[in-house]
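Chains, contacts and geometry: an overview
The residues making up each chain are set out below.
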Amino acid sequence: MTIKQPEQLWACCLQYIKDNIGDSSFNTWFRPSRFHSFDGEKLRIEVPTEFFCEYWDSHFADITISGIRKFFGQSAKLHYIIGIAEEQQNIASEPQHISEMQRHPGVFGASDFIEGLAPRHPQELNPDLNPLYTFENFLEGDSNRFPCKIAQTIAEKFQDTFNPFFIYGPSGVGKTHLANAIGHQMKAKEPQKRVLYVSAHLFSVQLSQAVVKKQFNDFMSFYQSIDTLIIDDIQEIAGKTKTQEAFFNIFNHLQHNRRQLVITCDRPPVMLEGMQERILDRFNWGLIAELERPDAKLRKAIVEKRVRQNNLPFPKNVINYIAGNVTGSIRELEGIINSLLAFSVANNCEINMDLAQKTVARTVRINHEPVTPEDIVEKVGKYLKITAKDIASSSRKSHVVEARQIAMFLCQKYTKLSSSQIGLKIGKRDHSTVLHSCSQTEKRIQDDKLFRSQVENIERELGKR
C-alpha cells in the first residue's frame, strides 16, 4: 500500500470539503489555497489574504476541521500563511484578466469595479465624494447638532471610538451630506488616507458583477484596503443574503484593523427588517445618531443661506412663510426655492407672498381642516398596522395599548373634545384613562426618540406637521 504524501493528503481533504459544500463555494474559497507544509502536527496552508482566514473560520470551520482530522490525524492543527506567490494565482484569477487590469493604472473609484478596471493595489483612489457636501456647507441646528459634532470629532481626530458611526433619519435631512463631509475633512487632513463613499445599492451591484466575472477576491481585497468606508442607505441590502455576507466580512476586517466605518440609513437598526442579526449587533458597537427633520429655526436659516448665496430676490415675509410651512426635509425646502425662482424667471414676475403660497400649495400638503377622532384612529391604526376595532377594544396587548394611547394623545392635541368625550369616542373609556394615556405618551415622546419619530410621522399623515 502506497503511503500518500502530505500534499496528496491535502488534495484528498479538499475533495472531501468540496463534496460537502458544493462547487461554487469551493471554487471561491478553497481553490485559491495552496499546500505549504506539514510537520506531523502543524498543517500550513497558503491563502491569498487574511480575509480568507476569517471567512474559513466563520463559515467552514466544522467541515475544514473534520477533513483535516480525517486525513492528517486528530492532533493536526491548521495554520495559515497569508499571501500566495504571483505565479501560483492563476487558478484564483485568469492571467489575461489580471494583465488587462494592470493596463489601467491611476485614479479610480468604487464605480470602476463595474467595468473591472480597478487594480489590485491602487496607488491613488477617487473617494467619489460630492464636492458640495462639506462641513462648511452644512448648517447646524438643534435638530442635527449632536450628529454633526460627532462627525466633526471623527473627521478631526481619526479615532475609532465611534466606530461604526451609524447616522439615521428620514430622506432629505442631510445624512449623505454629513457622511461626505467626514470624508472630505479626512482627505484634507491626511491626503494619503484611502477614503471611499459608496451607496449600498452600488456596493450590491459591484458584488454581483464581481462574482459573475470571477473577481470576488479582487472585490474583497479592494474594500479591505479602505481606511474610511462610507456606505450610504444601508437599508438597500436588507434581504440580500450574499451582499450581507460580503459586507459583514468587510466590516469585521476594517473594524478589527481600526479603520473607520460611516453608515447611513433611513431608520434605526432596531427597525431594520431583513438584516442579519450579527450585522445589527455590530451597528450597535459604535455610535447611533439620529438626524431629525429641521426645526423652524433651522429651516429659516437654510432658506436665508440659500437666498444669500445665490443673491435671490426673496422678501423676508416669503422666507418666513416657506420656513413655517415647508416642514418636511431640507430637500423639500430647496425644491420650493427652485420652483419659485423658475416660475419668477419664466413669467418675468417678482417673487411675492401670493406666488409663494401658490407654489407651496402645489408641492406641500397644508391641511387647515379640523381632524376628527375617527381620522386620528384611522391614521394611527394604518401606521401601526392595527385595526380601528382593536384600538377601541378592551385588549391589553402592549402594541394595542400603545396605539390607543397615541390616538388619545393626538385627539387631545388636535381636537377640541374634552377628555371625557375622547374617552367615549375611543372604546367608551373614562376621562382618567385619557389623561393617563396623554401623560404617558408625552413622557415617551420626551424620552424615546424612536417613539417620537413614530408619532411625528402619524402627525404628518394627518397633515399637521
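This one's a predicted model, so the numbers in the text were calculated from it and none came from an experiment. (Residues numbered from 1 in each chain as written. Predicted model: local features only at pLDDT ≥ 70, side-chain atom pairs only at ≥ 80, totals over all residues. Heavy atoms only, no water.)

What about the overall build of the chain?
Worth spelling out the cut-off: Strands here are runs of E lasting at least two residues and helices are runs of H or I lasting at least four, both read from the DSSP assignment and numbered beginning at the N terminus. Using a 1.4 Å probe on the protein chains alone, a residue whose accessible area is under 20% of its type maximum counts as buried, one over 50% counts as exposed, and one in between counts as partly exposed. Accessibility throughout is a Shrake-Rupley quantity obtained with a 1.4 Å probe, and a residue counts as covered only by protein chains that appear here.
Across its full length, the chain holds 21 helices and eight strands. Out of the 465 residues belonging to the chain, those deemed buried represent 46%. Of the accessible surface of the chain, which amounts to about 23,600 Å², a share of 49% is contributed by carbon and sulfur atoms.

A few points about helix α10 (residues 241-256)
The cut-off we apply is this: A helix's residues, less one, multiplied by 1.5 Å, set its expected span.
For α10, with 16 residues, the first-to-last C-alpha span of 22 Å sits near the 22 Å given by 1.5 Å per residue. Listed as buried for α10 are Thr243, Gln244, Glu245, Ala246, Phe247, Phe248, Asn249, Ile250, Phe251, His253 and Leu254. In the stretch just after α10, Arg258 is the one whose phi turns positive, near 60°.

Remarks on the environment of Phe135
The line we're drawing: Whether two residues are in contact is decided by their heavy atoms: any pair within 4.5 Å suffices.
Relative to the helices and strands, Phe135 resides in the loop between α5 (95-102) and α6 (145-157). Judged by relative accessible area, which is 13%, Phe135 ranks as buried. Spatially, the C-alpha atom of Phe135 lies 8.0 Å from that of Gln185, the residues being 50 residues apart in sequence. Discounting residues that sit within four places of it in the chain, Phe135 has contacts with Cys148, Ala151, Gln152, Ala155, Leu178, Ala181, Ile182 and Gln185.

Some points on the sheet that holds strand β6 (residues 228-232)
Across a sheet, paired strands are connected by hydrogen bonds in the backbone, their directions being either parallel or antiparallel. As a reminder of what qualifies: DSSP calls a pair of strands paired once it identifies at least 2 bridges connecting them. Structural elements are reduced to axes, namely lines fitted to C-alpha atoms, with helices fitted over the stretch in contact, and the angle between N-to-C directions of any two is expressed from 0 to 180 degrees.
Strand order in the open sheet formed by five strands is β5-β6-β7-β4-β8, and the pairing between neighbours is parallel. Where the open sheet ends on each side, the last strands, each with one partner, are β5 (195-199) and β8 (287-290). Geometrically, the sheet is characterised by an average inter-axis angle of 15° between neighbouring strands, direction not taken into account. Where β6 lies against strand β7 (residues 260-265), four bridges are found, and the strand directions are parallel. Residue pairing in the sheet places Thr228 in a bridge with Gln260 of β7. Lying over the sheet, α6 contacts β4 (165-168), β7 and β8, oriented at roughly 135° with respect to β8.

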